[in-house]
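Here is how the chains run, residue by residue.
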Amino acid sequence: MKKIVLGFTDDFKLSKTMLETISKTYRDQILFLKTDGENFEQLKDADAFIGWPSDQMIQAMPELKWLQLPSAGANQFAHHPLLKEQVIVTNASGAFGASGAEHILALILSFARQLPLYVRQTEKHVWREESDVRQLDESTVGIIGLGDIGSEAAIRLKAFGSTVLAVKRTVSNKPDYVDDVYDMEGLDTVLQESDFIVNVLPLTAETSGLFDRKRFSLIKKGAIFINVGRGGTVDEQALLEALNSGRIGGAGLDVTSIEPLPETSELWRFPNVVITSHSLGVGSGKLKKREELIQRNIENYLLGKPLINVVNRKLGY
C-alpha cells in the first residue's frame, strides 16, 4: 500500500476542509506529520511526501518515489544530493500566477508614481508634489522568464498600454499579450530597450548570477529593476554598484541572495529600493489553487496516473 506523508510548516497550511477530505478519502494511506521533534521512524515506509522535507526526513525515507513541493521554485530539491535520481519532484507552478502578477504591478506602479517618496514625506508630514513620475502607457517592460507569473504579468501590462518584450529559454510562438519574444540570446537587447525590467527566472546553473556587472551596464539608464524570481540570479554587488552609480533608477526586490536579508546589507539604505520580503505568494487566492493541484496529484499518484507539474531535475524547474 502506498503511503503519502503530509509535512507541515508555518509557511504551508492546508484548509481544514481539505484535510478532512483527505482523511476521509484516503484514510490509512495518508500520514499527517508533525515536525516539532517527532520521531521520524514512521517515515521509513513512506513513498511520497508533500511539503519541504528536511535532510533528516529525506534520509528517513529510503522508499521515497515522489516529492510534491508547495512552492513553484524547485531548485533547492531538484539537485538535492540526498534525493535519489528516480524520485519524481513536482511543484506548485500555476498557483501563484495572479498573486505574482499583482505583486509585480504593485512594485512597478510604486516606482512609476514615486510612492516610496510619498510614504517618506507622509511620515514627515511633508506636502510636496513630485514631478519625476512615469507611466506604464507607452513604456517598454521587459519580462525575463515567461512562465506562469511572467505571462500573467504580461497580460496585465498590455492592458496598461505597455510594450511588452519577453525572454524565455525556448521560443516556440509569440503569445498575443507580448509584442516580441526572445530566447536567452536576446536578453541584452531587451535590457537595452526596457524602461522596467522584471526578472522572474528560476535559479538554475544557467541563470545563477545572470544579472552581473555586464548586464547592469547594458540596462537602459534609469530603468527600474524588479526581481521576483530568485535572489541567486543577481550578482548583488553588481546591483549595488548600479544603484550607486545611478545606472538604474531603482529596484523592487521580493527576493535576495540571502533570506532574510541581513540587517547589515547595503540594500536597506537606498531610498529607491523597495524590499518586500519574499511575499509575492502571500494571499488567499493561491491556497485554493494549490489545494486543488495537490488533491489532483494525490489522486493521480494513488491511481498510477501521470503527475502534474513534474520538474525537470536536470534543468531545475
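Owing to the predicted nature of the structure, the values given are computational and were not obtained by experimental measurement.

Okay, the UniProt feature "domain: D-isomer specific 2-hydroxyacid dehydrogenase NAD-binding" (unreviewed entry) in the protein next. Those residues carrying the UniProt feature "domain: D-isomer specific 2-hydroxyacid dehydrogenase NAD-binding" (unreviewed entry) are residues 105-278 in this numbering. Overall, residues 105-278 shows 30% helix and 18% strand. The separation of its end C-alpha atoms is 15 Å.

On to helix α4 (residues 97-112). Over its 16 residues, α4 runs 22 Å from end to end, which matches the ideal 22 Å to within 8%, given 1.5 Å per residue. For α4, the tally of buried residues reaches 12 of 16 residues, placing the bulk of the element in the interior. Residues of α4 that are buried include every one of G97, S99, G100, A101, H103, I104, L105, L107, I108, S110, F111 and A112, and no others. Just past α4, the residue Q114 takes up positive phi, approximately 60°.

Under the domain assignment, the protein is made up of domain 1 (2-94 + 284-303) and domain 2 (96-275). When each unit is reduced to the centre of its C-alpha atoms, the spacing between domain 1 and domain 2 is 33 Å. Taken together, the contacts link 11 residues of domain 1 with six residues of domain 2. A buried area of about 620 Å², summed over both sides, lies between domain 1 and domain 2, and 55% of it is on carbon and sulfur atoms. When the buried surface of domain 1 facing domain 2 is broken down by residue, N75, G94 and K286 rank first, second and third, together holding 58% of it. For the pair domain 1 and domain 2, the number of links is zero salt bridges. Between domain 1 and domain 2 we count one residue pair in polar contact (both at pLDDT 80 or more) in total. In the side of domain 1 that touches domain 2, the residues fall into three nonpolar, five polar and three charged.

Scanning all chains against the criterion turns up four aromatic pairs. A ring pair is formed by W66 and Y301, whose centres lie 4.9 Å apart and whose planes are at 35°; its orientation type is tilted. Here W66, found in strand β4 (residues 66-68), pairs with Y301, found in helix α10 (residues 284-303); they are 235 residues apart in sequence, far enough to count as distant. Given the relative accessible area of 0%, W66 is considered buried. Plain terms: the ring middles of F216 and F225 are 5.3 Å apart, the flat faces sit at 70° to each other, and that makes the pair edge-to-face. Residue classification places F216 among the buried residues on the basis of a relative accessible area of 2%.

With that settled, the discussion passes to the layout of surface pockets. Vacant regions in the atomic arrangement are exposed by a probe of water-molecule size rolled over the atoms. The computed volume of the largest pocket comes to approximately 1400 Å³. Lining the largest pocket are 49 residues; nearest its centre among them are S71, A72, G73, G229 and R230. Every element with two or more residues in the lining of the largest pocket is listed here: α3 (75-78), α6 (148-159) and α10. Of the residues assigned to the lining of the largest pocket, the class counts are 21 nonpolar, 19 polar and nine charged. Of the residues that make up the lining of the largest pocket, three or more belong to each of domain 1 (2-94 + 284-303) and domain 2 (96-275).

The subject of this paragraph is the sheet that holds strand β12 (residues 273-275). Overall, parallel pairing links the seven strands, which are arranged β8-β7-β6-β9-β10-β11-β12 in an open sheet. Edge positions in the sheet fall to β8 (180-182) and β12, since each of these pairs with one other strand and no more. Across the sheet, the mean angle from the axis of one strand to that of its neighbour is 15°, orientation sign disregarded. Sheet topology places strand β7 (residues 163-167) next to β8; three bridges connect them, and they run parallel. Paired with A166 across the two strands is V181, which belongs to β8. Of the strands in this sheet, β6 (140-144) and β7 touch α6, which is tilted by about 170° from β6.

Calculation criteria
- Residues numbered from 1 in each chain as written.
- Predicted model: local features only at pLDDT ≥ 70, side-chain atom pairs only at ≥ 80, totals over all residues.
- Heavy atoms only, no water.
- UniProt positions renumbered as here; feature names shortened; annotations may be inferred.
- Helix = DSSP H or I, 4+ residues; strand = E, 2+ residues; numbered from the N terminus.
- Expected span 1.5 Å × (residues − 1).
- Buried < 20%, exposed > 50% of the residue type's maximum accessible area, 1.4 Å probe, protein only.
- Domains from an automatic or database assignment.
- Contact = heavy atoms within 4.5 Å.
- Buried area = accessible area lost by both parts, 1.4 Å probe.
- Salt bridge = Lys/Arg side-chain N within 4 Å of Asp/Glu carboxyl O.
- Polar contact = N/O pair within 3.5 Å; in protein donor to acceptor, adjacent residues only side chain to side chain.
- Nonpolar A, V, L, I, M, F, W, Y, C, P; charged D, E, K, R; others polar.
- Phe/Tyr/Trp six-rings, centres within 6.5 Å; stacked < 30°, edge-to-face > 60°.
- 1 Å grid on protein atoms, 1.4 Å probe; cavity = no way out; pocket = protein on both sides within 12 Å on 5 of 7 lines; lining within 4 Å.
- Points joined across faces, edges and corners; volume = space filled by probe spheres on them.
- Pairing = 2+ DSSP bridges.
- Axes fitted to C-alpha atoms, helices over the stretch in contact; angles between N-to-C directions.

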